[in-house]
Amino acid sequence: MQVTIGKQVRQAAVTGALGTANERLHAEACRYIPGGTSRLHYYYHPYPIYARSGQGCYVTDVEGVERLDFLNNMTALIHGHGNAAIKQAIVEQLERGTAFSEPSEPEVRLAKLLVERVPAVEQIRFANSGTEAVMMAIKLARAYTSRSKIAKFEGFYHGYYDYAQVSYASTPADWGPAEAPASTASSGGLADSVVDDVLALPYNDQDAVERLLEAHGHELAALIVDPLSNRAGFPLPAPGFVPFLREIARRNGIVLIYDEVISFRIGYHGAQGKYGGEPDLTTFGKIIGGGLPVGAVGGRGEIMALLDPRERAPAVASGGTYSANPLTMAAGLAALEQLTPEEFERLERLGRRLRERGTAAFAAAGVPGQLTGDGSLFRILSTAEPVADYRRSLPAPGHEGQMARLHLRLLEEGVIVSRDGLGCISTPMGEAEVDRFVSALERGLGASSAGG
Ligand SMILES: Cc1ncc(COP(=O)(O)O)c(C=O)c1O
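Predicted model, so just to flag it, every value in this text is computed and none were measured. (Residues numbered from 1 in each chain as written. Predicted model: local features only at pLDDT ≥ 70, side-chain atom pairs only at ≥ 80, totals over all residues. Heavy atoms only, no water.)

Mind showing me how you'd approach the overall build of the protein here?
When its secondary structure is counted, the protein shows 15 helices and 14 strands. At 22 Å, the protein has a C-alpha radius of gyration in line with the 22 Å of a compact globule built from 452 residues. For the protein, buried positions account for 56% of its 452 residues. Of the contacts formed within the protein by residues at least 6 apart in sequence, a portion of 69% connects residues at least 24 apart. As presented, the protein carries roughly 18,900 Å² of accessible surface, and 53% of it is formed by carbon and sulfur atoms. Charge separation in the protein, taken as the distance between the mean sites of 43 positive and 52 negative side-chain charges, equals 3 Å. (Helix = DSSP H or I, 4+ residues; strand = E, 2+ residues; numbered from the N terminus. Rg over C-alpha atoms; globule rule 2.2 N^0.38 Å. Buried < 20%, exposed > 50% of the residue type's maximum accessible area, 1.4 Å probe, protein only. Contact = heavy atoms within 4.5 Å. Areas by Shrake-Rupley, 256 points an atom, 1.4 Å probe, with all protein chains shown as cover. Lys, Arg positive; Asp, Glu negative; His and termini not counted. Charge placed at Lys NZ, Arg CZ, Asp CG, Glu CD.)

Honestly, helix H9 (residues 241–251) in this entry has me stumped. Any pointers?
Working note: α-helix, 3.6 residues per turn, so residues spaced by three or four point in the same direction. Within H9, burial applies to Phe241, Val242, Phe244, Leu245, Arg246, Ile248 and Ala249. Those residues of H9 that are buried lie in contact with strand E5 (149–153), helix H8 (206–216), strand E7 (220–225), strand E8 (255–259) and helix H10 (270–275). Immediately beyond the C-terminal end of H9, within one or two residues, lies glycine 253, with a positive phi of roughly 65°.

Would you take a moment to explain the site of the ligand for this structure?
In the vicinity of the ligand, the contacting residues are Ser129, Gly130, Thr131, Tyr157, His158, Gly159, Asp226, Asp259, Val261, Ile262 and Lys286. Within the side chain of threonine 131, one N or O atom sits 2.7 Å away from an oxygen atom of the ligand. In isolation the ligand has 380 Å² of accessible area, and contact with the protein removes 82% of it. A majority-of-atoms criterion places the ligand in the largest pocket. (Near = heavy atom within 4 Å. Polar contact = N/O pair within 3.5 Å; in protein donor to acceptor, adjacent residues only side chain to side chain. 1 Å grid on protein atoms, 1.4 Å probe; cavity = no way out; pocket = protein on both sides within 12 Å on 5 of 7 lines; lining within 4 Å. Sits in = over half its atoms within 2 Å of the grid points.)

How should unusual backbone geometry be read in this particular structure?
Negative phi values dominate among residues other than glycine, just as trans dominates among peptide bonds. Cis geometry marks the peptide bond from histidine 45 to proline 46; its omega dihedral reads 0°. Within the secondary structure, proline 46 sits in the loop between helix H2 (21–32) and strand E1 (51–55). Backbone geometry places serine 167, a non-glycine residue, at a positive phi of 55°. Structurally, serine 167 can be placed in the loop between E5 and helix H7 (192–196). A relative accessible area of 0% means that serine 167 is categorised as buried. Its identity as a non-glycine residue notwithstanding, glutamate 278 has a phi of 40°, on the positive side. Considering the arrangement of structural elements, one finds glutamate 278 in the loop between H10 and strand E9 (281–285). Here glutamate 278 falls in the exposed class, since its relative accessible area comes to 55%.

Even after reading the chapter, I still don't get the nonpolar core, so can you show me in this structure?
A general tendency of soluble globular proteins is for nonpolar side chains to be buried together. Counting 47 residues, the largest nonpolar core has Phe70, Leu114, Phe126, Ile288, Ile380, Val417 and Phe437 as the members making the most contacts within it. Mapped onto the domain boundaries, this core takes at least three residues apiece from domain 1 (7–82 + 341–449) and domain 2 (84–337). Apart from residues lying up to four places away in sequence, leucine 114 is in contact with Ile124, Phe126, Phe264, Ile288 and Leu336. Counting 40 residues, the second largest nonpolar core, distinct from the first, contains Tyr44, Val209, Ala232 and Leu422. (Core = buried A, V, L, I, M, F, W, Y, C linked by side-chain atoms within 4.5 Å. Domains from an automatic or database assignment.)

Explanation requested: the state of the cysteines in the structure shown.
Working definition: the covalent bond between the sulfur atoms of two cysteines is a disulfide. Under the criterion given, the structure shown has 0 disulfides. With no disulfide of its own, cysteine 424 lies 11 Å from the sulfur of cysteine 57, the closest cysteine sulfur. (Disulfide = S-S within 2.5 Å.)

Please clarify how the packing of helix H5 (residues 105–117) against helix H12 (residues 326–337) should be interpreted in this entry.
What describes two packed helices is the angle between their axes and the distance between those same axes. In contact at an axis separation of 8 Å, H5 and H12 are set at 40° when each is read in the N-to-C sense. Handedness of the crossing formed by H5 with H12: left-handed. For the pair H5 and H12, contact is made by Pro106, Glu107, Arg109, Leu110, Leu113, Leu114 and Arg117 and by Pro326, Met329, Ala330, Gly332, Leu333, Leu336 and Glu337, respectively. (Axes fitted to C-alpha atoms, helices over the stretch in contact; angles between N-to-C directions. Left-handed = near helix turned anticlockwise from the far one by under 90°.)

Here's what the structure looks like:
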C-alpha cells in the first residue's frame, strides 16, 4: 500500500517549512539529545525524517509518507521490515524470555550456522555491535602476537573503537603522501598514543603496502581490512591484492582481520567467499542479527582459544550483559536460514542492474558520478573516475555538495539511501523496485543538475 510520496518532505526538508511532524520531533529531540540524535548517521540537514513503521521494502514516516527503503538500517536488514519468519522467531523467543544470565540454545545454533558457512571461521564469539566485534578482534590479535600496533587502510570505517577511528575521514589538509598516508584522528577524544599505534595504508597499492609493512611489520599485531569498504567508496580489490595481503601478513606474523560487518551480505560465504584471502579473524555484525543489535568475531581456533575460560582465566577478557542475547540469536538464525545461495545470486543480479542503470543515469544527465559496489550493496559517488581507494572515491572538484542535494531529492522521490549515498537491495525487492529507484535517480539528477 502506498500513499503520496515525498511531497511533504519537499516542503519540510528542502524549503524548511515549519510545523511538520518530522521537524517538530527533531526540535523536541534537540532539547534532550545533542543535535537531536543518538547516532551520527541519523542526522542530516535540516532535520531527518522520523520512521513510524516499516513493512517489506517500505518505511512510513511520522507524517504518513511511505518510501522505498534502500538503506535498511544501514544495510543490516537484508530481509527488509517485518519479515514473517524473523518476526515469528522473535515472538517465540519473547514468550520464552528476552535475556538470561544463562546461555541459551539459539546462540549455539547461530554459532554452528556461521562456522559451517564460513570456512575460515572455526569458532565464533558474539557481541552487541560491529564496533565491539572489531575491538575484540584487535585485542585477540594483540594477545596472540604480544604486539600492540595495528595497520588499517586509509578511509576505511570499522566502527568507533579508538584504534578504528584513526584515518577514516582524512582530508587533503591532513592526509599526507598517497603512498604513506598520515595517521590522523578522525574523532576527538583519542589519546595521542592511539594515533601513534595505528599505521595507515593506501588501499590497492601493493608496492606501498609492502614497503610500509616491511618497515613496520615486526611491531604490528593486526592488519584489518574490509574487503569491500563502504566508506572508501566500495573499491574492489585489485587482482592479486587480497592474496598479497594474506601472504605479507603471514610473512610478518601479523593477524589478518577481515571486517565483514557490512560486506558479509555480498555472498553466501561473505566477501571472503568471493574475493578469497583466508583471514585469521573475521568480524561480523548487521545482517547476522536479523534486525537486532549484534556483533561477532570468528576465526582460527588457536586465536579464538584465547577467549576460552575452561582451564584458566582467558588471555582476553570479554563480556557484555546482552552479548548473545537469545532474541538476537533467534532473529539472526531466522534471517540467515532464509539466505540461500540462490537468493544471494538473485540479489547480486538486482544489484548489478541497479548499479549499471544508475551509472548510466549519471552519464545521461552529464553529472559526474557512478554507482559502485558488489552483490546487494551500492554506493552513489560524485565522481566518474575509477575508484581504487578512498582518495579517488571523493567528489569531483566543485561537486562536494552534490550527494547531499541528491539525497534530499531522492527522499522527495520516495527513495531512502544514506546522505552519503550508501544503499542496498533487500530480499522483498525485485526488478520493479530497482527500476523505480533508477527512475527516481534520473529525476533527481535532472533536478540537481538544473541547479539543485
Ligand atoms: C565495516 C564496518 N565495521 C564496523 C562497523 C561498526 O558496526 P556497529 O555500527 O554495529 O558498531 C560498521 C558500521 O557500519 C562497518 O560498516
